[in-house]
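What follows is the residue order along each chain.
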Amino acid sequence: MSVLRDLQSRAAARPAHIVLSEGHDQRVVAGALAALDAGLGPITLVGPYAEVTAHLVKANAVGRVGLHIEDPETSSRTAGYAALYLDLRKHKGVSEDVAALQAHDPLVFAALMVRNGDAEGTVGGAVATTSETVRAALMMIGKAPDAALVSSFFLMALPANHPSGRTAMIFGDCGLVIDPDAAELAAIAAACATSCVQLLGDTPKVALLSFSTKGSARHERVTKVTDALAILQADHPKLSADGELQFDAAFVPDVGASKAPGSPIAGHANVLIFPNLDAGNIGYKIAQRIGGCNAIGPILQGLAKPANDLSRGCTATDVTNMIAVTTLQAAK
Ligand SMILES: CC(C)(COP(=O)(O)OP(=O)(O)OC[C@H]1O[C@@H](n2cnc3c(N)ncnc32)[C@H](O)[C@@H]1OP(=O)(O)O)[C@@H](O)C(=O)NCCC(=O)NCCS
Ligand SMILES: CC(=O)OP(=O)(O)O
């Protein structure tokens with residue numbers, strides 16, 4: 001079974017109520033309907049009632065069991081969410097007027113549904129930017145008390161019969177933390193390792209990537225990566241991790257053996273940690289658009305409750321896959 005089919009069937013075994021903040025987008029509606037077909041749900045579409053309904057009419061899915069619509073302009077929940085928003089942001093000097101306005105924003109409304117326990121997870125970002133989507137999650141749902149920070153990763157499903165023999169990998173952080181310091185990089189690596197176990201069921205082999213392998217270059221950016229490895233190893237002594245490694249040394253067994261002899265993971269890494277968001281975001285898009293990987297993400301980690309982002313270039317199938325991922329996170 002393919003990795004993504006496996007994700008969907010595991011999620012269908014424990015369905016969760018997921019709210020989608022962009023119910024006005026045709027891909028989101030199509031992805032939601034496919035998720036219901038796969039046994040996921042229930043699903044709430046947030047958006048202008050007329051626009052959401054028009055998509056459902058086209059899809060011949062008006063009145064579909066398990067599918068709900070919430071329009072923040074008319075919803076009976078909006079006033080309560082405005083009060084909740086005010087409560088959450090009053091330390092920032094937010095006024096009642098601003099809170100009332102914000103509760104009408106579909107991204108905020110959907111995040112507040114999760115915060116308030118009215119849904120178990122949310123997905124947005126097919127239309128909104130990552131900054132907008134992530135800010136709503138950070139401010140309304142917030143960081144889990146035991147997390148060092150909120151970060152993100154992509155689940156990369158490799159093309160069938162890939163010559164490497166791999167089927168799936170974790171790439172982090174390709175979406176959220178712009179320029180992590182060594183301690184933040186170590187925290188991102190630890191969180192990605194946990195997500196590898198949770199979503200792929202694989203033992204993590206973590207590579208901290210760089211333009212250098214084991215001292216082949218000297219620069220403060222290389223030192224940041226080796227410092228991150230030292231912190232990661234001190235905090236998680238049983239985790240298989242190594243760095244600094246170039247991508248080829250991390251991924252290709254022969255190259256790993258020659259550039260990093262004796263490394264516990266070189267050539268066999270399944271969790272790739274990029275040194276900053278330039279490398280991560282560019283790297284995942286190259287693997288997706290030239291390498292033919294199916295990229296599911298950015299999946300957020302470290303939040304108190306599940307909220308996930310999509311790329312604006314996503315397809316309806318990506319939306320369905322992200323609903324499955326969010327459902328699995330909700331079951332945690
Ligand atoms: C995510 C992002 C928007 C946060 O930016 P920011 O300027 O720190 O955001 P804000 O200051 O508005 O943060 C909102 C809150 O979240 C907190 N926060 C920000 N980043 C956080 C993190 N990584 N972990 C935990 N909390 C975080 C802030 O401390 C702030 O808390 P407060 O308002 O209660 O004081 C920013 O890091 C970003 O734009 N990242 C890149 C997104 C992107 O374009 N990716 C490429 C496409 S995928
Ligand atoms: C993850 C990402 O790069 O998102 P977008 O393509 O929407 O900027």
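Residues numbered from 1 in each chain as written. Chains lettered and ligands numbered in written order. Predicted model: local features only at pLDDT ≥ 70, side-chain atom pairs only at ≥ 80, totals over all residues. Heavy atoms only, no water.

Engineer: Residue-level account of the UniProt feature "domain: Phosphate acetyl/butaryl transferase" (unreviewed entry) in the chain, with values.
Structural biologist: Those residues carrying the UniProt feature "domain: Phosphate acetyl/butaryl transferase" (unreviewed entry) are residues 3-326 in this numbering. Counted over residues 3-326, helix gives 44% and strand 15%. Its end C-alpha atoms are 15 Å apart. (UniProt positions renumbered as here; feature names shortened; annotations may be inferred. Helix = DSSP H or I, 4+ residues; strand = E, 2+ residues; numbered from the N terminus.)

Engineer: Kindly report on the sheet that holds strand E11 (residues 307-308), identifying the contributing residues and their values.
Structural biologist: Here we have 5 strands laid out as an open sheet, ordered E3-E2-E1-E4-E11, and parallel in their pairing. Each of the sheet's edge strands pairs with one partner strand only, and the pair in question is strand E3 (67-70) and E11. With 3 bridges connecting them, strand E1 (residues 18-20) and strand E4 (residues 121-123) associate as parallel partners. Bridge pairing in E4 links Leu20 to Val123. (Pairing = 2+ DSSP bridges.)

Engineer: Please set out the nonpolar core residue by residue, giving values where relevant.
Structural biologist: Grouped together as the largest cluster of nonpolar side chains are 87 residues, with contacts concentrated most on Leu20, Ile43, Leu45, Leu155 and Val206. Counting residues per element, this core draws most heavily on helix H8 (residues 182-200), at 12 residues. Core analysis: the next-biggest nonpolar cluster, separate from the first, contains 22 residues, Cys174, Leu245, Ala250 and Ile265 among them. (Core = buried A, V, L, I, M, F, W, Y, C linked by side-chain atoms within 4.5 Å. Buried < 20%, exposed > 50% of the residue type's maximum accessible area, 1.4 Å probe, protein only.)

Engineer: Outline the site of ligand 1, listing residues and values.
Structural biologist: In the region of ligand 1, 16 residues are neighbours, and Arg89, Lys92, Arg135, Val150 and Gly175 sit closest. Val150 places a polar main-chain atom, nitrogen or oxygen, 2.9 Å from a nitrogen atom of ligand 1. Between ligand 1 and Leu176, the relevant distance is 3.0 Å, taken from a nitrogen atom to a main-chain nitrogen or oxygen of the residue. Within the complex, 62% of the 940 Å² of free accessible area of ligand 1 lies under protein. Of all the secondary structure elements, the ones that give two or more residues to the shell around ligand 1 are helix H7 (130-140) and helix H12 (277-289). Ranked by the residues each element gives to the shell around ligand 1, the list is headed by H7, at 6 residues. (Near = heavy atom within 4 Å. Polar contact = N/O pair within 3.5 Å; in protein donor to acceptor, adjacent residues only side chain to side chain. Areas by Shrake-Rupley, 256 points an atom, 1.4 Å probe, with all protein chains shown as cover.)

Engineer: Tell me about the packing of helix H4 (residues 78-89) against helix H6 (residues 106-115), and name the residues and values.
Structural biologist: Between H4 and H6, whose axes approach to 10 Å, the crossing angle comes to 80°. When the interaxial angle is binned, H4 and H6 end up roughly perpendicular. Contacts between H4 and H6 involve Thr78, Tyr81, Leu84, Tyr85 and Leu88 from the first element and Val108, Phe109, Leu112, Met113 and Arg115 from the second. Classifying every residue of the contact of H4 with H6 by side-chain character gives 8 nonpolar, 1 polar and 1 charged. (Axes fitted to C-alpha atoms, helices over the stretch in contact; angles between N-to-C directions. Parallel < 35°, antiparallel > 145°, perpendicular 65-115°, else oblique. Contact = heavy atoms within 4.5 Å. Nonpolar A, V, L, I, M, F, W, Y, C, P; charged D, E, K, R; others polar.)

Engineer: Describe in detail the environment of His91, supporting the description with residues and values.
Structural biologist: Here His91 is to be found in the loop between H4 and helix H5 (96-102). Taking the C-alpha atoms as reference points, His91 and Gly262, 171 residues apart in sequence, are found 52 Å from one another. Of the polar contacts made by the side chain of His91, one reaches the backbone oxygen of Leu88; its length is 3.2 Å.

Engineer: With reference to specific residues and values, describe the confidence of the model for the chain.
Structural biologist: Residues with a pLDDT of 70 or more make up 100% of the chain, whose mean pLDDT is 97. Two summary scores accompany this predicted model of the complex, namely pTM at 0.96 and ipTM at 0.96. (pLDDT = per-residue confidence, 0-100.)

Engineer: If you had to explain the pairing of strand E8 (residues 240-245) to someone new, which residues and values would you point to?
Structural biologist: In terms of burial, E8 is largely enclosed, as 5 of its 6 residues are buried. For the crossover that starts at strand E7 (residues 205-209), traverses helix H9 (residues 220-235) and ends in the parallel E8, the hand is right-handed. (Right-handed = clockwise from strand over helix to strand, strands pointing away.)

Engineer: Describe the site of ligand 2, listing the residues and the values that go with them.
Structural biologist: Within the structure, ligand 2 sits among Thr130, Phe154, Asn281, Tyr284, Lys285, Pro298, Ser311 and Arg312. Arg312 has a polar side-chain atom sitting 2.7 Å from an oxygen atom of ligand 2. Examining the composition of the shell around ligand 2, we find that 3 residues originate from one element, H12, more than from any other. Of the residues contributing to the shell around ligand 2, the split by class is 3 nonpolar, 3 polar and 2 charged.

Engineer: A description of helix H3 (residues 49-58) should follow, citing residues and the corresponding values.
Structural biologist: All of the buried residues along H3 are Val52, His55 and Leu56. Viewed along the axis of H3, the buried residues span an arc of 100°, placing them on a single side of the element. In H3, the exposed positions angled more than 90 degrees off the buried face are occupied by Ala50, Val57 and Lys58. Elements in contact with the buried residues of H3: helix H2 (26-37), strand E2 (43-46) and E3. (Arc of directions from axis to C-beta.)

Engineer: Can you lay out the pattern of salt bridges for me, pointing to particular residues and giving the numbers?
Structural biologist: Proximity of charged atoms lets side chains of opposite charge pair with each other. Scanning the entire structure with this criterion turns up 10 salt bridges. Its salt-bridge partner being Arg27, residue Asp25 comes within 3.1 Å of it at the nearest N-O pair. The class for Asp25 is buried, based on a relative accessible area of 13%. The partner of Asp179 in a salt bridge is Lys224, with the nearest N and O atoms 3.7 Å apart. Remark: Lys224 occurs in helix H9 and Asp179 occurs in the loop between strand E6 (168-172) and H8; sequence separation between them is 45 residues. (Salt bridge = Lys/Arg side-chain N within 4 Å of Asp/Glu carboxyl O.)

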